[in-house]
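What follows is the residue order along each chain.
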Amino acid sequence: MRGNGTAQAVGRFFTIITPYAVAGLLDTQGTVSIFITIGIFMAIVAVLKILWGPETKKQILK
């Protein structure tokens, strides 16, 4: 459960900083960098979710 909570916390952190990152990147880099940055944020959260996802050993998957 700790890993799942950590992944969710990182996801929430990125949700908080995304608007600030978008505003800063829009002024300096342009729109393409915004999509790249958000994609990187999503990839990090996805990797954490895969690595520290819910434990399924010896459990029936529904």
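Keep in mind the model is a prediction, meaning the values are calculated, not measured.

Undergrad: How would you summarise the overall build of the protein if you had to cite specific residues and measurements?
TA: Counting secondary structure elements, the protein contains two helices and zero strands. For the protein, the accessible area works out to roughly 5,200 Å², and carbon and sulfur atoms hold 69% of it.

Undergrad: Please give an account of a nonpolar patch on the surface that cites residues and values.
TA: Judged by side-chain polarity, Val32, Ile36, Ile40 and Ile44 come together as a nonpolar surface patch covering roughly 360 Å² of accessible area. Take Ile40: it is sitting in helix α2 (residues 31-51). You can call Ile40 partly exposed: its relative accessible area is 46%.

Undergrad: I'd like to hear about the UniProt feature "transmembrane region" (unreviewed entry) in the protein, residue by residue, with values.
TA: As recorded in UniProt, the feature "transmembrane region" (unreviewed entry) lies at residues 9-26 and 32-52. Within the segment residues 9-26, helix and strand shares are 100% and 0% respectively, and the terminal C-alpha atoms sit 26 Å apart. The span residues 32-52 is 95% helical and 0% strand by assignment, and the distance between its end C-alpha atoms comes to 30 Å.

Undergrad: Break down the side chain of Ser33 for me, with residues and values.
TA: Looking at where Ser33 falls in the secondary structure, it is placed in helix α2. Judged by its relative accessible area of 15%, Ser33 is buried.

Undergrad: Please provide a residue-by-residue account of the packing of aromatic side chains, values included.
TA: The geometry of an aromatic ring pair comes down to the distance between the two centres and the angle between the two planes. Considering all chains together, one arrives at two aromatic pairs under this definition. Measuring from ring centre to ring centre gives 5.8 Å for Phe13 and Phe14, while their planes differ by 50°; the resulting arrangement is tilted. With centroids separated by 4.4 Å and ring planes inclined at 10°, the aromatic side chains of Phe14 and Phe41 adopt a geometry described as stacked. Placement of Phe14 in helix α1 (residues 2-28) and of Phe41 in helix α2 is noted, with a sequence separation of 27 residues between them. When sorted by exposure, Phe14 lands in the same class as Phe41, which is buried.

Criteria and thresholds
- Residues numbered from 1 in each chain as written.
- Predicted model: local features only at pLDDT ≥ 70, side-chain atom pairs only at ≥ 80, totals over all residues.
- Heavy atoms only, no water.
- Helix = DSSP H or I, 4+ residues; strand = E, 2+ residues; numbered from the N terminus.
- Areas by Shrake-Rupley, 256 points an atom, 1.4 Å probe, with all protein chains shown as cover.
- Patch = residues over 30% accessible without salt bridge, like charges linked within 9 Å, V, L, I, M, F, W, Y side chains within 5 Å.
- Salt bridge = Lys/Arg side-chain N within 4 Å of Asp/Glu carboxyl O.
- Buried < 20%, exposed > 50% of the residue type's maximum accessible area, 1.4 Å probe, protein only.
- UniProt positions renumbered as here; feature names shortened; annotations may be inferred.
- Phe/Tyr/Trp six-rings, centres within 6.5 Å; stacked < 30°, edge-to-face > 60°.

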